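Per-entry structural report
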Amino acid sequence: MAEAKQAERTASPTSEEEIAAKVDRVLRAFKGEKSELIPILQQVQQALGYLPEAAMCQVARFTGVPECTVYGVATFYAQFKFVPVGRNIVKVCRGTGCYVRGAPRLLDELEKLLCIKDGQTTPDMEYTLETVACFGSCALAPVVVVNDRVYGRMTPDKVKALVGRKAGQ
Amino acid sequence: MDFTEIKERAISKWRAMQASPKPKIFIGTGTCGNAAGAEAVLDTLRQELAKNGLAADIVQVGCIGLCFAEPLVEIVKPGRPSVFYGNLTPEIMAEIVRDYLAGDNPRPDLALGTRGEGTIEGIPRLFDLPVLKPQVRIAVRNCGNIDPADIDHYIANDGYSGLARALKMTPQAVIDEIKKSGLRGRGGAGFSTGMKWQFAHDARGDQKYIICNADEGDPGAFMNRALLEGDPHAVLEGMLIGAYAIGASEGYIYCRAEYPLAIAHLKVAIEQMEKYGLLGHNIMGSDFSFHLHIKEGAGAFVCGEETALMASIEGSRGMPRPRPPFPANQGLWGKPTNINNVESWAHASIIMQKGANWWASHGTEKSKGTKTFSLVGKVNRTGLIEVPMGITLREIIYGIGGGIVGGKKFKAVQTGGPSGGCLPESFLDSPVDYESLAAAGSIVGSGGMVVMDEDNCMVDVAHYFLTFTQLESCGKCIQCRWGTRQMLDILEDIVAGRGRPGDIELLQELGQAVKDGSLCALGGTAPNPVLTTIRYFRDEYEAHINEKRCPAGTCKALVNYYIDAEKCAGCGICLRACPAEAIRGGKRLVHVIDQAKCIKCGTCLEVCPAKFSAVARVSGEPIKAPAEPIPVAGKA
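Residues numbered from 1 in each chain as written. Chains lettered and ligands numbered in written order. Predicted model: local features only at pLDDT ≥ 70, side-chain atom pairs only at ≥ 80, totals over all residues.

Topic: the interface of chain B and chain A
The criterion, for reference: Think of it this way: build a C-beta for each residue from its backbone, and any pair within 7 Å is a contact. Think of it this way: any DSSP run of H or I at least four residues long counts as a helix, any run of E at least two long counts as a strand, and we number them from the N terminus. Ten residue types, Ala, Val, Leu, Ile, Met, Phe, Trp, Tyr, Cys and Pro, are classed as nonpolar, four, Asp, Glu, Lys and Arg, as charged, and the remainder, Gly among them, as polar.
Contact with chain B, which involves 53 residues of that partner, is made by 39 residues of chain A. For the side of chain B that touches chain A, the secondary-structure elements that each account for two or more residues are helix 2 (31–36), helix 11 (260–275), helix 12 (306–313), strand 10 (370–377) and strand 14 (448–453) of chain B. A breakdown of the residues in the side of chain B that touches chain A according to their chemical character gives 25 nonpolar, 19 polar and nine charged.

A look at the confidence of the model for chain B
Counted only if it meets this: Each residue carries a pLDDT value, the predictor's own confidence for that position, ranging from 0 to 100.
With 100% of its residues at a pLDDT of 70 or more, chain B shows a mean pLDDT of 95. The complex model carries a pTM of 0.93, and its ipTM stands at 0.90.

A few points about the environment of Ala173 of chain B
Within the secondary structure layout, Ala173 of chain B lies in helix 7 (residues 171–181). The spatial distance from the C-alpha of Ala173 of chain B to the C-alpha of Ser249 of chain B is 19 Å, given a sequence separation of 76 residues.

Observations regarding the nonpolar core
Cut-off, in case you're wondering: Each nonpolar core comprises buried Ala, Val, Leu, Ile, Met, Phe, Trp, Tyr and Cys residues, the members being joined through C-beta atoms within 7 Å. In this scheme the burial state of a residue depends on its C-beta neighbours within 10 Å: 20 or more other such atoms mean buried, 12 or fewer mean exposed, and anything in between means partly exposed; the C-beta positions come from the backbone.
Counting 224 residues, the largest nonpolar core has Val143 of chain A together with Leu227 and Val235 of chain B as the members making the most contacts within it. The element contributing the most residues to this core is helix 10 (residues 232–246) of chain B, with 10 residues. Non-local contacts of Val235 of chain B, meaning those with residues more than four positions away in its chain, are made with Cys212, Leu227, Leu228, Val342, Trp345 and Ala346 of chain B. By size, the runner-up hydrophobic cluster in this structure holds 18 residues, among which are Tyr562, Cys578, Ala582 and Ile583 of chain B.

Here's the deal with the environment of Lys51 of chain B
In this fold, Lys51 of chain B is placed in helix 3 (residues 38–51). On a C-alpha basis, the gap between Lys51 of chain B and Leu589 of chain B in space is 57 Å, while along the polypeptide they are 538 residues apart.

Concerning the sheet that holds strand 1 (residues 24–28) of chain B
Strands in a sheet are paired, the pairing made by backbone hydrogen bonds, and the direction either parallel or antiparallel. All names here are of chain B. Under the convention used in this document: When DSSP locates at least two bridges between a pair of strands, those strands are taken to pair. Helix axes use the C-alpha atoms of the stretch in contact, all axes being lines fitted to C-alpha atoms, and the angles between their N-to-C directions lie in the range 0 to 180 degrees.
Spatially, the five strands line up as an open sheet ordered 2-1-3-4-5, and their pairing is mixed. Both edges of this open sheet fall to strand 2 (57–61) and strand 5 (111–115), since each of them pairs with a single strand only. Averaged over all adjacent pairs, the angle separating strand axes in this sheet is 20°, with direction ignored. Alignment of strand 1 against strand 2, held across five bridges, turns out to be parallel. Each bridged residue has a counterpart across the sheet, and for Ile27 the counterpart in strand 2 is Gln60.

So, the domain arrangement of chain A
Cut-off, in case you're wondering: As annotated, the domain borders come from an automatic or database domain assignment.
Entries for chain A in the domain assignment read domain 1 (16–76) and domain 2 (88–167). If you average the C-alpha positions of domain 1 of chain A and of domain 2 of chain A, the two centres end up 29 Å apart.

Digging into the packing of helix 1 (residues 16–27) of chain A against helix 3 (residues 53–63) of chain A
All names here are of chain A. To be explicit about the condition: Take the far helix as your reference; a near helix turned counterclockwise from it by less than a right angle gives a left-handed crossing, and one turned clockwise gives a right-handed crossing.
For the pair helix 1 and helix 3, interaxial distance at closest approach is 10 Å and the crossing angle is 35°. With respect to the hand of their crossing, helix 1 and helix 3 are arranged in right-handed fashion. Each of Glu16, Ile19, Ala20, Val23 and Leu27 in helix 1 lies in contact with helix 3, whose residues at this interface are Ala54, Ala55, Gln58 and Phe62.

Description of unusual backbone geometry
Looking along the chain, the bond that leaves Ala141 of chain A and enters Pro142 of chain A is cis, with omega of -5°. Checked against the element boundaries, Pro142 of chain A lands in the loop between strand 2 (127–132) and strand 3 (144–146). Located in the positive-phi region is Lys548 of chain B, a residue other than glycine, with phi close to 50°. Assignment of secondary structure puts Lys548 of chain B in the loop between helix 21 (528–546) and strand 15 (560–563). With 17 C-beta atoms counted inside 10 Å, the residue Lys548 of chain B sits in the partly exposed group.

Now the structure itself:
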């Protein structure tokens, strides 16, 4: 059985040159057709952690799609982010199975633990906290995903141990 | 290479594996298995085998559906039925390797069940267990049995024989076979699959497309994920058959990005199909040519709607458009397009393998065949199940699911996700089929089934679903965009204790307006969870509005916690655990919660030792606690 590729995360780049170079590298694999817009944005985000304005403009030039349309498409989909994200991404599932089994309390616990709200990043860029519609691991609800790894049957205590351990690395 | 030759080789490879004197160990490493800790179990398994100098074949398989028992392994020793072990930890895995693989004790105390010929004393047969006995595994026939990353396993189990059969028939004969089966779309709407194929077949166009809708967006549902992870070829074979039938030369699988393992398995599967000439030009030596692409979704629930999904593939915002024209005539890039759900495709492949009559022998008169459901929420045995249409909700929840967690009282079952409804106890004996659930105000939907107990507040559940649909509304239709917002505002008031008389009627009126005024199924069904909970649980709405009381004790604004002075032992556990520092007290003093500081997180209730059980949660009742800490009873 094939392994899902684990995303390797580093902090988002900040310099303009670095962003442009990384976007360039992504664009090389594409032809520049409009239908490629979403896959391009996905890979740019994979490379940068988020979609800076400059990167979206670069994609617009490459595909010939107006900048406003690129922005419109990007903001339509929940996956795309427009501010830099932390090195670790902690996602709490807000699916129905997780909700009825206590996911809101996991989110409360994480917000308290990391001192940030859903959608925010810790000032040291170590953690970004997000919620996701459903991971489809409902039978093991409630679940939390840390950097693409799914943890099932979570409790506030287990969340504390999970994030606490990560923080100690 | 000729397909007959490929098939013979696959079968001999499969038989060689079966006949091998080495033990075989199947381990479930789907997303569920991994989330439960299968990777650590697999590591231990490998280490222990090496340590004991044992040779064994390890096969990583998808989910067999017993998610409640994950991580799960099946051990096959020659001449014995196989033995399933569930709820494994690395420690238990090591014990099993030592006792059953190095030794010969199958450890009945740890085993779940056996499968295959013969019996082992003390271990029941797996498929005789209440969780599996009522199930009929057709769509998920291979999940948990074969290596999903090895096309030979699929081919050795009749895989692609349905395609081989279809290619010898005319496209119209294939469509007739699907029509004869009575297969209805498994994505939710329940429209006849054969009719759909007919429309796309009859449409004129130089280029036609087919799409597999794997944008399983309903929260609480994972049937498609499990199927794509555990047996991708069953879906892909169905797509090839459909493409041949309607005359499409290109296809897309639109899979949500939250399913990385499903996408990984699809990619492997497509590579292997290309290698075997099952994709590309002149498939199986016929005139039929077909190419397949994977498109990853980007997180938009509305993209499960077919016209929105196509807009997304084209690279636009995923917004639905009016129908007609239907996709069968003008779909992707304006060309005739047929779009079916993952499970529908998996049924299409087995209908062609085993025949329409065999398939239609399952299910009811109007709802033929079987349907997969993800059974989750407050049931003991959560998992992926496949049952014949017409089975009752009670058989599913109490039979397969083993009843409610902790012996609590059943309150409702939610079917069909945010488009469906919540059904109360009086519907437990209703059959699960398209017509019966629609008559009850819900839908079969794609197969999410979330069970709720007495601790779940139905107003809160309605609020939950509306929060979701309101957020996911694409914004195109004003009734959906603002109507759901308005409904959510009213529900927010009700759960916060600000409900007013007339709110229920207003919700019903607004709900109807949203349904009537929305272009697509998102808005057309978004009010369903609210309307069905009002219909069946009106008393809970009234308690919130009129008495400012939440009967389930869920709505934070309407509950209070207090410490019973007669039960409190003054142990200090809750005092230390309280995150809001709202508890006062001292050694041997009854603790008191400061209601003004309390954030109602319920931590005190959880940590209070069972022998005291001194913390009470009430809603709409007076608080029976002293104002200041007093000495513990009998210790004054």
